[in-house]
Amino acid sequence: MPTIVLNSPDIHCEVCAERVTKAASAVAGVLNVRVEIPEQCVTVEYDSPATEGDVRSALEDAGFEVSPSQS
């Protein structure tokens, strides 16, 4: 199952984590979302029909700047 890890400097608190989780979970095919507030990153496991681009777009549309994780 594909997994994407994205960094977002906009994740600061539990409310942000809930918004990220809701936005990513709304993408058809997303199976699991894990947000790490101190690291400001989100890990998303997905399957068809979701794509990495769909996940990134959903988070950006929700107001979160995202970039690929460097780890």
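Cut-offs applied
Residues numbered from 1 in each chain as written. Predicted model: local features only at pLDDT ≥ 70, side-chain atom pairs only at ≥ 80, totals over all residues. Heavy atoms only, no water. Helix = DSSP H or I, 4+ residues; strand = E, 2+ residues; numbered from the N terminus. Rg over C-alpha atoms; globule rule 2.2 N^0.38 Å. Buried < 20%, exposed > 50% of the residue type's maximum accessible area, 1.4 Å probe, protein only. Contact = heavy atoms within 4.5 Å.

J.: Describe the overall build of the chain, with residues and values.
T.: Along the backbone of the chain there are two helices and four strands. Going residue by residue from the N terminus, the α and β elements of the chain occur as β-α-β-β-α-β. For 71 residues, the compact-globule formula gives about 11 Å, and the C-alpha radius of gyration of the chain, at 11 Å, lands near that figure. C-alpha atoms of the chain, sized along the principal axes, occupy 30 × 25 × 15 Å. The 71 residues of the chain split such that 35% are buried. Nonlocal contacts in the chain, meaning residues at least 24 apart in sequence, comprise 60% of its contacts between residues at least 6 apart.

J.: Explain the environment of Gly-29 to me, and be specific about the residues and the numbers.
T.: Checked against the element boundaries, Gly-29 lands in the loop between helix 1 (14-25) and strand 2 (30-36). For Gly-29, a relative accessible area of 21% corresponds to the partly exposed category. Note: C-alpha distance between Gly-29 and Glu-45 (16 residues apart in sequence) is 8.8 Å. In this structure, Gly-29 is in contact with Tyr-46, Asp-47, Ser-48, Pro-49 and Ala-50, ignoring residues within four places of it in sequence.

J.: Talk me through unusual backbone geometry; I want residue IDs and the actual numbers.
T.: Cis peptide bonds are those with omega within 30 degrees of zero, and the linkage from Ser-48 to Pro-49 qualifies with 15°. Relative to the elements of secondary structure, Pro-49 occurs in the loop between strand 3 (41-46) and helix 2 (52-61). Its identity as a non-glycine residue notwithstanding, Gln-40 has a phi of 55°, on the positive side.

Without other data, these values stay purely geometric and don't point to any function.
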